[in-house]
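So the chains spell out like this:
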Amino acid sequence: QVQLVESGGGSVQAGGSLRLSCVASGRPFNSFSKGWFRQAPGKERELVAGISWNGGNTYYTDSVKDRFTISRDNAKNTVDLQMNSLKPEDTAVYYCATFFPGNIVEIPISGVNYWGKGTLVTVSS
C-alpha cells in the first residue's frame, strides 16, 4: 500500500522558517517527479514546487521563488520543502505528490499519481 506522509507543518510568525518533509512507502519513487502543492481556505490547490526524478531540475511558482527550496533523497524516498521568509499568504495545507514521468517538474494537478494527506502551515503577521 502506497503512502505519502508529510511532517513539519506548524505555526510561525511572518519572516520565519519551516521545513516540510514527506516520506513515501509502499514502492520506490526514484523514477517519479515529486512536488509540493498547497491549498488555502477558499482557494484551489496549486503547485508550489516540483523536482525531477534525479533532482536535476526544479520548478517554483513565482510567489515562492527565492524563498522556498525543494530537495529530495531517493535513498530515503523523501522530498523536503525548506520555506524561508514566510508570509501570511503562505498559510495553507501543504501536500506532497508524485508524478510520472520523472522529467516533468511543472506537475499538472490532474496527473498526480499519489497524494499525501497534508500538513497545515499557519503564518501569522
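All of these numbers come straight from a predicted model, not from anything done at the bench.

Basis of the calculations
Residues numbered from 1 in each chain as written. Predicted model: local features only at pLDDT ≥ 70, side-chain atom pairs only at ≥ 80, totals over all residues. Heavy atoms only, no water. Pairing = 2+ DSSP bridges. Helix = DSSP H or I, 4+ residues; strand = E, 2+ residues; numbered from the N terminus. Axes fitted to C-alpha atoms, helices over the stretch in contact; angles between N-to-C directions. Phe/Tyr/Trp six-rings, centres within 6.5 Å; stacked < 30°, edge-to-face > 60°. Lys NZ or Arg CZ within 6 Å of the ring centre and 35° of its normal. Contact = heavy atoms within 4.5 Å. Buried < 20%, exposed > 50% of the residue type's maximum accessible area, 1.4 Å probe, protein only. Core = buried A, V, L, I, M, F, W, Y, C linked by side-chain atoms within 4.5 Å. Polar contact = N/O pair within 3.5 Å; in protein donor to acceptor, adjacent residues only side chain to side chain. Salt bridge = Lys/Arg side-chain N within 4 Å of Asp/Glu carboxyl O.

> I'd love a proper account of the sheet that holds strand β3 (residues 18-25), names of residues and values included.
Read across the sheet, four strands follow the order β1-β3-β8-β7 without closing on themselves; strand pairing throughout is antiparallel. The sheet is open, and its two edges are formed by β1 (3-7) and β7 (68-73), each paired on a single side. Between one strand axis and the next, the sheet turns through 15° on average, direction left out of account. In this sheet, β3 lies alongside β1 in antiparallel orientation, the contact comprising five bridges. Note on β3: the bridge partner recorded for Leu 4 is Ala 24.

> Could you give an account of the packing of aromatic side chains, naming the residues involved and the relevant values?
Counting across every chain of the model gives five aromatic pairs. A connected cluster of aromatic rings, assembled from ring pairs, spans Phe 29, Phe 32, Phe 100 and Tyr 114. Geometry around Tyr 95 places Arg 45 over its ring, the cationic atom sitting 3.7 Å from the centre. Its guanidinium or amino end placed over the ring of Trp 115, Arg 45 lies 4.6 Å from that ring's centre, counting from NZ or CZ.

> Could you give me a rundown of the environment of Val 93, with the residues and numbers involved?
By the secondary structure assignment, Val 93 is in strand β9 (residues 92-99). Separated by 66 residues in sequence, Val 93 and Arg 27 have C-alpha atoms that sit 25 Å apart. In contact with Val 93, not counting residues within four places along its chain, are Phe 37, Arg 38, Gln 39, Gly 118, Thr 119 and Leu 120.

> Which residues make up the environment of Glu 106, and what values do they have?
With respect to the secondary-structure elements, Glu 106 resides in the loop between β9 and β10 (114-115). On the basis of relative accessibility, which here comes to 53%, the residue Glu 106 falls in the exposed class. Separated by 48 residues in sequence, Glu 106 and Thr 58 have C-alpha atoms that sit 8.2 Å apart. Residue contacts for Glu 106: discarding those within four places in its chain leaves Leu 47 and Tyr 59.

> Got a sec to walk through the nonpolar core? Specific residues and values, please.
If you look at the biggest cluster of nonpolar residues, it comprises 26 residues, and the most contacted ones within it are Trp 36, Phe 68, Ile 70, Leu 81, Met 83 and Tyr 94. Broken down by secondary-structure element, the contributors of at least two residues to this core are β3, β5 (46-51), β7, β8 (78-83), β9 and β11 (119-124). Broken down by element, this core gets its largest block of residues, four residues, from β3. Those residues in contact with Phe 68 that sit more than four places away from it in its chain are Arg 38, Val 48, Tyr 60, Leu 81, Gln 82, Met 83, Asn 84, Leu 86, Asp 90 and Tyr 94. In this structure, Phe 37, Ala 97, Ile 107 and Val 112 belong to the second largest nonpolar core, which totals six residues.

> Help me get a handle on the side chain of Asn 77, residues and values and all.
By the secondary structure assignment, Asn 77 is in the loop between β7 and β8. For Asn 77, a relative accessible area of 11% corresponds to the buried category. Within the structure, the side chain of Asn 77 is placed 3.2 Å from the backbone oxygen of Arg 27, a separation counted as a polar contact. Every residue in contact with Asn 77, bar those within four places of it in the chain, is listed here: Cys 22, Val 23, Ala 24, Arg 27, Pro 28, Phe 29, Asn 30 and Lys 34.

> Summarise the pattern of salt bridges; cite the residues concerned and give the values.
Overall, the coordinates contain five salt bridges when judged by the stated rule. The residue Arg 38 makes a salt bridge to Glu 46 at a minimum N-O spacing of 2.8 Å. Arg 38 gets classed as buried once you look at its relative accessible area, which sits at 6%. Its relative accessible area of 33% is what places Glu 46 among the partly exposed residues. The partner of Arg 67 in a salt bridge is Asp 90, and the shortest N-O contact between them spans 2.8 Å. Here Arg 67 is found in the loop between β6 (58-60) and β7, whereas its partner Asp 90 is found in the loop between β8 and β9, with 23 residues between them in sequence. By the burial criterion, Arg 67 is buried, and Asp 90 matches it. Counted as one network, the salt bridges with shared partners bring together Arg 38, Glu 46, Arg 67 and Asp 90.

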